Amino acid sequence: MSEKITPVLMAGGSGTRLWPVSRKSFPKQFAHLTGDETLFQASARRLSGADFAAPIVMTNADFRFIVAEQLDQIGQEPGAIVIEPSGRNTAPAILAAALMVVQDDPDRLLLVAPSDHVIPDAQAFRAAVKAGSGPARAGKIVTFGITPDRPETGYGYLELDGDAGTGAVRPLKRFVEKPDAGRAAEMLEAGDFLWNAGIFLFSAATMIAAFRDHAPQYLDGVEAALAEAKTDLGFLRLSPQPWNALPDESIDYAVMEKADNLAVVRFDGRWSDLGGWDAVWREAQADRPAERGVVTDVHSTAIDCDNVLIRSEQDDMQIVGIGLRDVMVVATNDAVLVADMNRAQDVRQAVTALKGRGAKQAEAFRRDHRPWGWFETLALADRFQVKRIVVKPGAALSLQSHHHRAEHWVVVSGTARVTVNDSVTLVTENQSIYVPLGAVHRMENPGKVPMVLIEVQTGSYLGEDDIIRYEDVYARD
């Protein structure tokens, strides 16, 4: 029996309330919102060390290379990166993780945690996990509750058993849905309610037994998805047919609200799920309150403002606010959010409205991340598009052709190995090459530094779906 705990990082969410910085194509867990590391990287580092095994990461196909790259950047090897064929909420994902380890060690503890939370004191959190490990090994499902410091309406709550003592681990009386403002104030005053952090600690055998007792409809489908899973470039791709037929429910609804073997570890340290820009504003002031509540970045200026967040994601875009009160302003290179601070939870409505209008800014950035690097559109008009493309050392784009466009590539830095039909050419800085319409071509970076080039596309249709792949080292369709 291993004493190490296996972290299970949930990394498939979209984070619409932090639009425009968080979008479906590159959500908040992979963004730099509060420090030098992304939220995902900080979560992985927090759940590492002598007491933890390599993590299992549950994600989707679009994010698999981002997960692998960000773990590599912090020098952490994953135990497994599991690709969910579709989002079915947290219940089947957690069961899949438990089934993955139960054969090797049914007593192995798993710690399920979202990958987009902020917990600055990692040592204190590890101590809370240690406090919960004893009850978890004894057959409890341990959940973690955060000591509230305000009447928050954006979180669910955990009601503790009032008859329990004052120890770190307490029995759970019930789950409480997100309250209105009046009820939230009452619960804060009562003192026996905690915020539900959505973090769980349990043994593999305990969780599987809980599903068998309370949500047996998941077992056959998840077992089949695992039995028919395929390894894909080091990722574990679950079988789509059984997985997609599973109910779409959270672990709270499927299991936790029905189980009678739950316990709660109270965590008194700082915590935030960064569920909106108001949370980012509060987090920025956690260590040192800002004068007049003004939070800006190096590209923003506030003049005679109170309780504002002004943030620019672009080095060449300066934002100036004058006389603002209780306002948040967040700008990227293709979208600007201006909202009342008290309406932070409504930002998701902006995403819905933009999707309804067909605006690509609802879900995608100008910068598109790919396993080989990234590209961004610099100019787009009728019959032409200009892109900047950055290819990582040793990486290669797929061997491909296009029906509707030709391309002209100019290398800005580094060296490109370019295949055009039967010709292979090394193209260095300040050199260019032309790819005719219909030509079978590939771009590679044979060097040890990133390769940057400018691509000019011309043609009748310039969409990303005008592509025929013949070979691809990343096994994309």
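From a predicted model like this one, the values you see are computed outputs, not experimental measurements. (Residues numbered from 1 in each chain as written. Predicted model: local features only at pLDDT ≥ 70, side-chain atom pairs only at ≥ 80, totals over all residues. Heavy atoms only, no water.)

**Student:** Even after reading the chapter, I still don't get the overall build of the chain, so can you show me in this structure?
**Tutor:** Counting its regular elements, the chain contains 11 helices and 28 strands. In terms of overall dimensions, the chain is globule-like: its C-alpha atoms have a radius of gyration of 25 Å, near the 23 Å expected for 477 residues. Seen along its three principal axes, the alpha-carbon backbone of the chain occupies a region of about 75 × 60 × 40 Å. By the burial criterion, 51% of the 477 residues in the chain qualify as buried. The contacts of the chain with a sequence gap of at least 6 include a subset with a gap of at least 24, amounting to 68%. Summed over all atoms, the accessible surface of the chain reaches about 21700 Å², with 49% contributed by carbon and sulfur. (Helix = DSSP H or I, 4+ residues; strand = E, 2+ residues; numbered from the N terminus. Rg over C-alpha atoms; globule rule 2.2 N^0.38 Å. Buried < 20%, exposed > 50% of the residue type's maximum accessible area, 1.4 Å probe, protein only. Contact = heavy atoms within 4.5 Å. Areas by Shrake-Rupley, 256 points an atom, 1.4 Å probe, with all protein chains shown as cover.)

**Student:** Can you help me understand the packing of helix 3 (residues 90–102) against helix 7 (residues 219–227) in this one?
**Tutor:** The axes of two packed helices give the description: the angle between them and the distance between them. The contact between helix 3 and helix 7 brings their axes to 10 Å, and the two run at 60°. The pairing of helix 3 with helix 7 is recorded here as oblique in orientation. Helix-helix and strand crossings are classified by hand; for helix 3 and helix 7 the assignment is right-handed. Counted together, Pro92, Leu95, Ala96, Leu99 and Met100 of helix 3 and Leu219, Val222, Glu223 and Leu226 of helix 7 form the full contact between these two elements. (Axes fitted to C-alpha atoms, helices over the stretch in contact; angles between N-to-C directions. Parallel < 35°, antiparallel > 145°, perpendicular 65-115°, else oblique. Left-handed = near helix turned anticlockwise from the far one by under 90°.)

**Student:** Looking at this structure, I do not really get the UniProt feature "domain: MannoseP isomerase/GMP-like beta-helix" (unreviewed entry) in the chain. What am I missing?
**Tutor:** Feature annotation in UniProt places "domain: MannoseP isomerase/GMP-like beta-helix" (unreviewed entry) on residues 302–354, given in this structure's numbering. Between the end C-alpha atoms of residues 302–354 there is a gap of 28 Å, over a span that is 15% helix and 47% strand. (UniProt positions renumbered as here; feature names shortened; annotations may be inferred.)

**Student:** Could you clarify how one ought to interpret unusual backbone geometry in this entry?
**Tutor:** Residues tryptophan 19 and proline 20 are joined by a peptide bond in cis, for which omega reads 10°. Summarising the element assignment, proline 20 is placed in the loop between strand 1 (5–10) and helix 1 (39–46). Look at leucine 274: it is not a glycine, yet its phi comes out positive at around 45°. With relative accessibility at 0%, the residue leucine 274 sits in the buried group.

**Student:** Explain the UniProt feature "domain: Mannose-6-phosphate isomerase type II C-terminal" (unreviewed entry) in the chain to me, please; I cannot follow it from the model alone.
**Tutor:** Listed under "domain: Mannose-6-phosphate isomerase type II C-terminal" (unreviewed entry) in the UniProt record, and renumbered for this structure, are residues 360–472. As annotated, residues 360–472 comprises 0% helix and 58% strand, and the C-alpha atoms at either end are separated by 27 Å.

**Student:** Is there a simple way to think about helix 2 (residues 64–73) in this case?
**Tutor:** One turn of the α-helix equals 3.6 residues, which is why residues spaced by three or four share an orientation. Taken residue by residue, helix 2 has Arg64, Phe65, Ile66, Val67, Gln70 and Leu71 as its buried positions. As for helix 2, its buried residues are in contact with helix 1, strand 2 (56–60), strand 3 (80–84) and strand 10 (235–237). Where helix 2 terminates, the next one or two residues include glycine 75, which has phi positive at roughly 70°.

**Student:** Hey, could you run me through the sheet that holds strand 16 (residues 325–331) in this one?
**Tutor:** Within a sheet, adjacent strands bond to each other through the backbone by hydrogen bonds, running parallel or antiparallel. Spatially, four strands are ordered 12-14-16-17 in an open sheet, and the strand pairing comes out mixed. Since the sheet does not close on itself, it has two edges, and those belong to strand 12 (294–296) and strand 17 (336–340), each with one partner. For this sheet, the mean inter-axis angle between neighbouring strands, taken without regard to orientation, is 10°. Here strand 14 (residues 306–312) pairs with strand 16 via six bridges, running parallel. Note on strand 16: the bridge partner recorded for isoleucine 310 is valine 329. (Pairing = 2+ DSSP bridges.)

**Student:** Looking at this structure, how should I read the packing of aromatic side chains?
**Tutor:** Each pair of aromatic rings is reported with the distance of its centres and the angle of its planes. Enumeration according to the criterion identifies 11 aromatic pairs in this entry. Centre to centre, the rings of phenylalanine 65 and tyrosine 474 are 5.5 Å apart; their planes meet at 80°, and the pair counts as edge-to-face. On the criterion of sequence distance, the pair formed by phenylalanine 65 in helix 2 and tyrosine 474 in the segment after strand 28 (468–471) is long-range, its members being 409 residues apart. Taking the relative accessible area as the measure of exposure, phenylalanine 65 reaches 17% and is therefore buried. Centre to centre, the rings of phenylalanine 125 and phenylalanine 144 are 5.9 Å apart; their planes meet at 45°, and the pair counts as tilted. Pair noted here: phenylalanine 125 is in helix 4 (residues 122–137) and phenylalanine 144 is in strand 5 (residues 141–146), with a separation of 19 residues, a long-range link. By the burial criterion, phenylalanine 125 is buried, and phenylalanine 144 matches it. One aromatic cluster is present, built from ring pairs that chain together Phe26, Phe30, Phe40 and Phe63. When the ring centre of tryptophan 374 is taken as reference, the NZ or CZ atom of arginine 367 above it lies at 3.6 Å. (Phe/Tyr/Trp six-rings, centres within 6.5 Å; stacked < 30°, edge-to-face > 60°. Lys NZ or Arg CZ within 6 Å of the ring centre and 35° of its normal.)

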